[in-house]
Amino acid sequence: MAYVTAIGADPAQVNYRLGLGHSCTREGVAEARLSYHVDGRERPLRWVGSGLEALGIEAGSELTPEQFDAERALMAGRDPRTGDRLVAPKLAVYDDAKVPLRPLVDAVRDVLAERELSPAELFPAPKDRTALARAERAVDRLGDGARLRADEAGHLAEVAGLDPRQVWAAEAYESGSRPVEWCRPTCS
């Protein structure tokens, strides 16, 4: 039986796996599976994937230490022969760096109604009008589940003349508006 763990392009995870320190023990695993995991013998790493042929690597062959740099390049989305980008990395924002959009959309709609303004008058920059329209569609589609990066949502609030700490609870906004860190998929 084989276990496959998506490790993404996290260099620490790639190096950990290449270092052959990849076995683990779990509570409650059936005896056969447990004995596999606690067996002290190391098994060779193998190349997996039908796309390897295009790179001159045979799927199922052993991954040797001489090929570790090629594996690192592939895990980073690059061709190991040329260094050309094969795939762009997926970037995502941690959920706790986002705030709900409904309070912003409701507050902006209130400002527009109170001041009898159009969105174009309140948001003179086309980029901000586009962001507001996107936020409104997200709230219409996802309701309370619609979320946006705190820094972007805060910018829209400020352009509308709103204090982000009043639109969202100050604590919630401040925890979400800390510097955004791009997350990389890792395994545990």
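Preceding this paragraph is the structure being described.
All of these numbers come straight from a predicted model, not from anything done at the bench.

1. Quick word on unusual backbone geometry
And then number 1: Phi at glutamate 116 takes a positive value of approximately 50°, unusual for a residue other than glycine.
And then number 2: Along the chain, glutamate 116 turns up in the loop between α4 (102–115) and α5 (119–122).

2. Section: the pattern of salt bridges
And then number 1: Applying the stated criterion to the full structure yields 8 salt bridges.
And then number 2: Residues arginine 149 and aspartate 151 are paired through a salt bridge, measuring 2.6 Å at the closest nitrogen-oxygen approach.
And then number 3: Judged by relative accessible area, arginine 149 falls into the buried class, the value being 19%.
And then number 4: Judged by relative accessible area, aspartate 151 falls into the partly exposed class, the value being 32%.

3. A word on the packing of α4 against helix α6 (residues 126–142)
And then number 1: One can describe the packing of α4 onto α6 by two numbers: an axis separation of 9 Å at closest approach and a directional angle of 120°. Classified by the interaxial angle, the pair formed by α4 and α6 is oblique. Seen along the crossing, α4 lies across α6 with a hand that is left-handed. Taking contact as the criterion, the partners of Arg102, Val105, Val108 and Arg109 in α4 are, on α6, Leu132, Ala135, Glu136, Val139 and Asp140.
And then number 2: Taken together, the residues of the contact of α4 with α6 sort by class into 5 nonpolar, no polar and 4 charged.

4. A look at the nonpolar core
And then number 1: If you look at the biggest cluster of nonpolar residues, it comprises 23 residues, and the most contacted ones within it are Leu104, Val108 and Leu162.
And then number 2: Mapped by element, the contributors of at least two residues to this core are α4, α6 and α7 (150–159).
And then number 3: Of the residues forming this core, the biggest block, 6 residues, is contributed by α4.
And then number 4: Excluding anything up to four places from it in sequence, valine 108 contacts Leu122, Phe123, Leu132, Ala160 and Leu162.

Basis of the calculations
- Residues numbered from 1 in each chain as written.
- Predicted model: local features only at pLDDT ≥ 70, side-chain atom pairs only at ≥ 80, totals over all residues.
- Heavy atoms only, no water.
- Helix = DSSP H or I, 4+ residues; strand = E, 2+ residues; numbered from the N terminus.
- Salt bridge = Lys/Arg side-chain N within 4 Å of Asp/Glu carboxyl O.
- Buried < 20%, exposed > 50% of the residue type's maximum accessible area, 1.4 Å probe, protein only.
- Axes fitted to C-alpha atoms, helices over the stretch in contact; angles between N-to-C directions.
- Parallel < 35°, antiparallel > 145°, perpendicular 65-115°, else oblique.
- Left-handed = near helix turned anticlockwise from the far one by under 90°.
- Contact = heavy atoms within 4.5 Å.
- Nonpolar A, V, L, I, M, F, W, Y, C, P; charged D, E, K, R; others polar.
- Core = buried A, V, L, I, M, F, W, Y, C linked by side-chain atoms within 4.5 Å.

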